[in-house]
Amino acid sequence: CFVNVFFFVFFFFFTQSQASAVQALTGKSIKPLISIFNQIPGNEAEKKTTLDQALRGVLGDLIVRNAFCLNLKDLCSTAGICSATTPFVLLGDVLDCLPLDLCDKIFSFVEENVSTWKSNSFYTAGKNYLLRMCNDLLRRLSKSQNTVFCGRIQLFLARLFPLSEKSGLNLQSQFNLDNITVFNKNEQESTLGQKHTEEKEDGMEVEEGEMGEDDGPAPSSIPIDYNLYRKFWTLQDYFRNPVQCYDKFSWMTFLKYSDETLAVFKSYKLDDMQASKRKLEELRASSGEHVYFAKFLTSEKLMDLQLSDSNFRRHILLQYLILFQYLKGQVKFKSSSCVLNDDQAAWIEETTKLVYQLLREIPPDGDKFAAMVEHILNTEENWNAWKNEGCPSFVKERTVDDKPKRPTRKRQAPEDFLGKGPDRKIFMGNDELTRLWNLNHDNMEACKSDSREFMPSLDEFFAEAIEQADPANMVEDEYKVVRNANYGWRALRLLSRRSPHFFQPTNQKFKSLADYLDSMVSKLAKELPDIPSEEIKTGEEDDDDNGDNLLKDSNDSPSIQSKLVTNQQMDDIAAKLGAQWKNLASHFEMKAAELREIETDSEDVDMQAKLLLVAWQDREGTQATVENLVAALNAAGFSQIADGLSEA
């Protein structure tokens, strides 16, 4: 009794659902279906099953009356009142029940709504149904008679599925070995050797688009015999199965037949005069629509016309380029024995150039067509490489590790390594670094301390060098400290900080750093009276000894040394002269070029005055005495400065 009640309720609502579907279809509104969906008892799945059956029943009635309800079932699925697979099941039912001409119209609806099928609510549930539906259609269609419809189905699948969908890829690079080109292989049955008188007697009519008497000469004069016919169509077997080319004997046959075929193309070229003028005009006015041959016609009677047809030649030459690309390319599933030798690779390279040349010579727009083919084949190499890599997805999904993280500090914060307690000891990651860092509580103040002054004075640093420069000490040159590279480097740094002689230009040329330091030691020995050493010659005044004798006689040094101007005295005088140092320069007989050099070396007037005195001292040498400087100061009008120098 319970089963009978359930069946009655189901049948009642099923009938009501069909009536609501018809009402919704008539009024082009989904509201009646939503209303009956809410009235059906049971859970969500049972409601959808009831409505699915109702829609299939309505669809069956409408198919009989040649009416359709395609949009309605899509709306129902989108609204969630029927299963997501219902639109695809109904589409399959429709296409199975209709003839091919009506299937063409129904498939237009499928093509127009490809974006709907790719949406989240349809794609997962319906992709397999759509694939099965398209495959069923392809099995019913003829590739030669329904070529356009087959192409539309293939394009629809290409738009529906992502590029990385492996179900539509030829992963193992397999060939359609069933595509066999049938031609006459019996020479005894061939008619190519016979004269064309029979054809003329038949009175063949000249169809529109073919060459007539007014359009040009008679058909092409290409000498065609059975051997050319057989060799030409035999090449299709190599295009069908390129693996044969790796066999030694098959390759020799392919090489021979290809050379003869390409020689015919090269010897008998097409031009605009040979082609039909009407055909060219129609082709150019067809907005890019080109002739497509679904299958080659291999009749011997058509051979002459085919070789004279530009589209036919392009098809054959393009087959060569595709074959060469496979033979040269790196294909993952190729056998290890499928390798070209050097002679084969060289022949393919030369023949490829010949094929492109022939393509450019074929009218119309040969150059444009050849460039387009080359571009397409270059792009195909990228697809081959993608397949060799296992067809990775073009969509780079962000992994868990690549998700943006909260930025972290590259270094620890002070609170992470500061110690606790009154000492506030800072840990540097190493025991020795920690000890050095915590020697003082305030490292900045410790760096400013006087104890951090490590630069020695001139008299301390050069005391040993001046002592070694004295001939009385008899120190050989190779043992002098100025010959030490490390000492020389530190001496230069100290002179740049402490001595004005470092920046004073000179005409002397030094062969080495040691020679330069010898000269500087000679000058410093004169300026540092605190060092008990003999006076050292500069080597500039005495040309006879050529600088060999560095020191004068020790008996003359005390009297002269007491009269020489010291570095401290020059600093005091320079500070007092200031900007008036040029008045003294005229009494020193300094040249204008020397004055410009002094002004260029420093912008400080006190330093300019000091450089003037140093230049005077270098020039005068042993005559740079206090008496001579006092005389020059008095002559320049600096009597007060001169008196102060005399008293000192």
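Everything here concerns the structure above.
Residues numbered from 1 in each chain as written. Predicted model: local features only at pLDDT ≥ 70, side-chain atom pairs only at ≥ 80, totals over all residues. Heavy atoms only, no water.

Caption draft 1: Up close: the nonpolar core. Core analysis: the biggest nonpolar cluster contains 46 residues, and Phe-254, Tyr-320 and Leu-327 have the highest contact counts within it. For this core, the elements supplying multiple residues, two or more each, are α11 (226-240), α12 (248-267), α14 (303-307), α15 (310-328), α16 (342-361) and α17 (366-388). Ranked by residue count, the leading element in this core is α15, at nine residues. In this structure, Phe-254 is in contact with Leu-235, Tyr-238, Phe-239, Cys-245, Tyr-320, Leu-323, Phe-324 and Trp-347, ignoring residues within four places of it in sequence. (Core = buried A, V, L, I, M, F, W, Y, C linked by side-chain atoms within 4.5 Å. Buried < 20%, exposed > 50% of the residue type's maximum accessible area, 1.4 Å probe, protein only. Helix = DSSP H or I, 4+ residues; strand = E, 2+ residues; numbered from the N terminus. Contact = heavy atoms within 4.5 Å.)

Caption draft 2: Up close: the pattern of salt bridges. Under the defined criterion, the tally for this structure stands at twelve salt bridges. Ionic pairing is found between Glu-111 and Arg-152, a salt bridge with its closest N-O pair at 2.7 Å. Here Glu-111, found in helix α6 (residues 100-112), pairs with Arg-152, found in helix α9 (residues 147-160); they are 41 residues apart in sequence, far enough to count as distant. Across the pair, exposure class does not vary: Glu-111 and Arg-152 are buried alike. For Glu-599, the salt bridge identified is with Lys-582, shortest N-O distance 2.3 Å. Here Glu-599 is found in helix α27 (residues 592-601), whereas its partner Lys-582 is found in helix α26 (residues 581-587), with 17 residues between them in sequence. Via salt bridges that share partners, Asp-104, Glu-111 and Arg-152 belong to a single interconnected network. (Salt bridge = Lys/Arg side-chain N within 4 Å of Asp/Glu carboxyl O.)

Caption draft 3: Inspection of empty space enclosed by the protein at higher detail. All chains considered together, the criterion is met by three cavities of 30 Å³ or more. The computed volume of the second largest cavity comes to approximately 60 Å³. Taken together, Phe-265, Lys-269, Leu-270, Arg-313, Leu-317, Leu-358, Glu-361 and Ile-362 make up the full set of residues lining the second largest cavity. Put simply, the parts of the chain that give the lining of the second largest cavity at least two residues each are α15 and α16. Within the lining of the second largest cavity, the residues separate by chemical class into five nonpolar, no polar and three charged. (1 Å grid on protein atoms, 1.4 Å probe; cavity = no way out; pocket = protein on both sides within 12 Å on 5 of 7 lines; lining within 4 Å. Points joined across faces, edges and corners; volume = space filled by probe spheres on them. Nonpolar A, V, L, I, M, F, W, Y, C, P; charged D, E, K, R; others polar.)

Caption draft 4: Structural detail: the layout of surface pockets. Each pocket or cavity is described by its volume, and for the second largest pocket that value is around 1,900 Å³. Lining the second largest pocket are 42 residues, and of these Phe-175, Asn-176, Asn-179, Phe-239 and Ile-322 lie nearest its centre. Those elements giving two or more residues to the lining of the second largest pocket turn out to be α9, α11, α15 and α17. Element by element, the count of residues in the lining of the second largest pocket is highest for α17, at eight residues. Residue composition of the lining of the second largest pocket, by class: 19 nonpolar, 17 polar and six charged. Looking at the lining of the second largest pocket, you find at least three residues from each of domain 1 (1-168) and domain 2 (226-282 + 295-389). (Domains from an automatic or database assignment.)

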